[in-house]
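Here is how the chains run, residue by residue.
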Amino acid sequence: MKVSVIGTGYVGLVSGACLADMGNDVFCLDLDASKIEALQAGRIPIFEPGLEPIVRRNRKSGRLRFSTDAAASVAHGELQFIAVGTPPEEDGSADLQHVVAAARTIGRLMQGYRVIVNKSTVPVGTADKVRKAVAEELGARGSALDFSVVSNPEFLKEGAAVEDFMRPDRIIVGSDDERAMDMLRRLYAPFQRNHERFMPMSVRSAELTKYAANAMLATRISFMNDLANLAEKLGADIEEVRRGIGSDPRIGFHFLYPGAGYGGSCFPKDVKALQRSAEDAGSPLQLLAAVERVNEDQKHVLSRKIRGRFGASLKGRCFAIWGIAFKPNTDDLREAPSRTLIADLLGAGATVRAYDPAAGAEASRLYSADKRVAIVDSARAALEGSDALAVVTEWQEFRSPDFDAIKATLKTPAIFDGRNLYEPAAMRALGIEYFAVGRRT
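Read on for an overview of the structure. (Residues numbered from 1 in each chain as written. Predicted model: local features only at pLDDT ≥ 70, side-chain atom pairs only at ≥ 80, totals over all residues. Heavy atoms only, no water.)

1. Details of the overall build of the protein
Move 1: A tally of helices and strands in the protein yields 18 helices and 14 strands.
Move 2: For the protein, the C-alpha radius of gyration of 24 Å lies close to 22 Å, the compact-globule estimate for 441 residues.
Move 3: Along the first, second and third principal axes, the C-alpha atoms of the protein reach 75 × 45 × 45 Å.
Move 4: The buried share of the protein, reckoned over its 441 residues, is 54%.
Move 5: Long-range pairs, those at least 24 residues apart, make up 73% of the contacts in the protein between residues at least 6 apart in sequence.
Move 6: Approximately 19,200 Å² of the protein is accessible, and the part contributed by carbon and sulfur atoms is 51%. (Helix = DSSP H or I, 4+ residues; strand = E, 2+ residues; numbered from the N terminus. Rg over C-alpha atoms; globule rule 2.2 N^0.38 Å. Buried < 20%, exposed > 50% of the residue type's maximum accessible area, 1.4 Å probe, protein only. Contact = heavy atoms within 4.5 Å. Areas by Shrake-Rupley, 256 points an atom, 1.4 Å probe, with all protein chains shown as cover.)

Below you can see the structure in the form of structure tokens.
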């Protein structure tokens, strides 16, 4: 099938590449000429395991192309995927200007039937706005061309996006148009050969499903973080509690790991946007307001532990940080807990030596003007000259480090573990001071 994807960000690039890998003819459009130039040269702008070989393979076969030519994009695909950014406004609502602009471009340039697929994460009612924008452009042209608007939200985890797209656990498609629904069924048929994952529903239900899913996952994280803090006060161990409640099949183990708070491009933005939609509808979601408060407070948990150990003033001290990205297998620093920790440490007078396997380049750009922050190229280099270590992101290489080297290199053999990677008893046996989240240490 011929598919056009508007936007070559995280969602658009992964979607376009994976659709091309299933034999579709995919045209990826972006108005950022430098990004398109990089993609045409084979440079991938994001770190995502498995994505680069798929892009390379399908560019070579001719099934995947990148361009800034909007007219060619609209002419190419009967399926037009909108996968542009929806950043938060100051009031928390989603900024839909890029979505509407993409819709207007399609309406202005289309010469035949088009199925316009909202892949971006958008509030309930966005399909109506897209439909109106396209209709206005067609009306201005005096055209009566037929088109459909479909909601097809993505459920991709950064760090596992290719796997999630290729082996989806569900394919949500919202539409009341059988012709459009049939086209989406055919497009996604190769991704569900083992069993049916296609879930048709109304457009508004599909739009809400995306926000509801992220809000539920964020709620589980904040619930466990709140419970972990209570466990510390009561002398309980949150790891034992986690195993106890996770074994209940009604609850399960996913997203029950306490830590230093959630970040990234989805959960913070989507929780805010859903709250705003609920307020606009006159039905505020009080639980989500609490989820957000808990998360923002949890991002300070490591700095509170560090100040509790070294004092309110950290002037003259240096701290090593392992992990800057908001989660492993990505270079995304948006809303990352590490940024809150770094700000807290700097505010208390300390300096920082930080390392991340993938986000080093982005972190170097972010902190290039601040001489108090050194972004180094190895975990060992971060330890050099540091008073203690804070682990913020659970990268694989941090799970079994050389603890003897850590102890010998740090001025104070202390680890502040924001992801509960290590066993408290083992740390005590090694003579390392260990501060975890919700564990008896």
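Next, the rest of the story.
2. Describing helix α14 (residues 337–347)
Move 1: Burial analysis of α14 places 8 of its 11 residues in the buried class, the great majority of the element.
Move 2: Within α14, burial applies to P337, S338, T340, L341, I342, D344, L345 and L346.
Move 3: The inward-facing, buried residues of α14 contact α13 (301–310), β9 (318–322), β10 (351–355), β11 (373–375) and β12 (388–391).
Move 4: Just downstream of α14 lies G349, where phi reads positive at about 100 degrees.

3. Let's talk about the state of the cysteines
Move 1: Enumeration according to the criterion identifies 0 disulfides in this entry.
Move 2: With no disulfide partner, C18 has as its closest neighbouring cysteine sulfur the one in C28, 11 Å distant.
Move 3: The class for C18 is buried, based on a relative accessible area of 0%.
Move 4: C266 takes part in no disulfide bond, and the closest cysteine sulfur to it belongs to C18, at a distance of 16 Å. (Disulfide = S-S within 2.5 Å.)

4. Quick word on the packing of helix α9 (residues 203–234) against helix α11 (residues 267–280)
Move 1: For the pair α9 and α11, the least separation of the axes is 9 Å and the interaxial angle reads 115 degrees. On the basis of their axis angle, the class for α9 and α11 is roughly perpendicular. In this structure, α9 meets α11 at a crossing whose hand is left-handed. Contacts between α9 and α11 involve L208, K210, Y211, A212, N214, A215, L217, A218 and I221 from the first element and F267, D270, V271, A273 and L274 from the second.
Move 2: Taken together, the residues that form the contact of α9 with α11 break down as 11 nonpolar, 1 polar and 2 charged. (Axes fitted to C-alpha atoms, helices over the stretch in contact; angles between N-to-C directions. Parallel < 35°, antiparallel > 145°, perpendicular 65-115°, else oblique. Left-handed = near helix turned anticlockwise from the far one by under 90°. Nonpolar A, V, L, I, M, F, W, Y, C, P; charged D, E, K, R; others polar.)

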